[in-house]
Amino acid sequence: KQYFDGKTGYQFSQQTGKKEMSADEINMALLEQGVVPELNWLNLKENKPTLTGIETENGKMYYVLKFSIGNYAEIFHYYDKSTLLKTKTVKVINNNGESMTSVAEYSDFKAINGINFPHQSMVNLGPISFSISVDSIVINGAIDLKDFTE
């Protein structure tokens, strides 16, 4: 379980119990929150993205944006040069002298209320891989506020 209110947060697991988020973890959460995390980047005072260049992969060209969060993390976002859709995110997290890389690839984009959302994702976390399929997306639908309590 992870809780983040935009300023502070914690992670909870059965193995380690409750662990408060570090400043670097909070900075990373600020970059990733929301339905369209890129909108958060407009108001950043630090940890702004840099364009590292254009890379070619599988015959396609991608703009690559990089975020560095101190020595804690480097995050690379790949945007298809022809569609400008984000098709991949690579995160390299350095924690206690160990490095962990995760890769998330996005596909099957469909427009919902004028915004393109990926309906297929493949996530690789070291030796673990899993696929995510989205059946439907509802924007501004009815919600039960009890879903948002701790």
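Residues numbered from 1 in each chain as written. Predicted model: local features only at pLDDT ≥ 70, side-chain atom pairs only at ≥ 80, totals over all residues. Heavy atoms only, no water.

Caption draft 1: Examining the layout of surface pockets more closely. In this structure, the largest pocket occupies an estimated 1300 Å³ of space. Elements with a minimum of two residues in the lining of the largest pocket: helix 1 (23-32), strand 6 (73-80), strand 7 (86-95), strand 8 (98-112), strand 9 (115-125) and strand 10 (128-133). Element by element, the count of residues in the lining of the largest pocket is highest for strand 9, at nine residues. The residue inventory of the lining of the largest pocket, partitioned by class, reads 28 nonpolar, 12 polar and six charged. Approximately 230 Å³ is the volume found for the second largest pocket. What lines the second largest pocket is a set of 14 residues, among which Lys60, Tyr62, Thr87, Glu105 and Tyr106 lie closest to the centre. Elements with a contribution of two residues or more to the lining of the second largest pocket: strand 5 (60-69), strand 6, strand 7 and strand 8. With four residues, strand 8 is the largest single contributor of residues to the lining of the second largest pocket. (1 Å grid on protein atoms, 1.4 Å probe; cavity = no way out; pocket = protein on both sides within 12 Å on 5 of 7 lines; lining within 4 Å. Points joined across faces, edges and corners; volume = space filled by probe spheres on them. Helix = DSSP H or I, 4+ residues; strand = E, 2+ residues; numbered from the N terminus. Nonpolar A, V, L, I, M, F, W, Y, C, P; charged D, E, K, R; others polar.)

Caption draft 2: Molecular detail of the packing of aromatic side chains. Evaluated as defined, the whole model comprises two aromatic pairs. Pairing Tyr62 with Tyr78 gives two aromatic rings, centres 6.5 Å apart and planes at 75°, and the pair type is edge-to-face. Here the residue Tyr62 occupies a position in strand 5, and Tyr78 occupies one in strand 6, the gap between them amounting to 16 residues. Exposure class is identical for Tyr62 and Tyr78. Each is buried. One cation-aromatic arrangement involves Lys18 over Tyr10; the distance from NZ or CZ to the ring centre is 4.4 Å. (Phe/Tyr/Trp six-rings, centres within 6.5 Å; stacked < 30°, edge-to-face > 60°. Buried < 20%, exposed > 50% of the residue type's maximum accessible area, 1.4 Å probe, protein only. Lys NZ or Arg CZ within 6 Å of the ring centre and 35° of its normal.)

Caption draft 3: Quick look at the sheet that holds strand 2 (residues 9-13). Strands sit in the order 1-2-3 across an open sheet of three strands; the sheet is antiparallel. Each end of this open sheet is capped by a strand with a single partner; those strands are strand 1 (2-4) and strand 3 (17-20). If you compare each strand with its neighbour and ignore which way they point, the axes differ by 15° on average. In this sheet, strand 2 lies alongside strand 1 in antiparallel orientation, the contact comprising three bridges. Directly across from Phe4, in strand 2, lies its bridge partner Gly9. (Pairing = 2+ DSSP bridges. Axes fitted to C-alpha atoms, helices over the stretch in contact; angles between N-to-C directions.)

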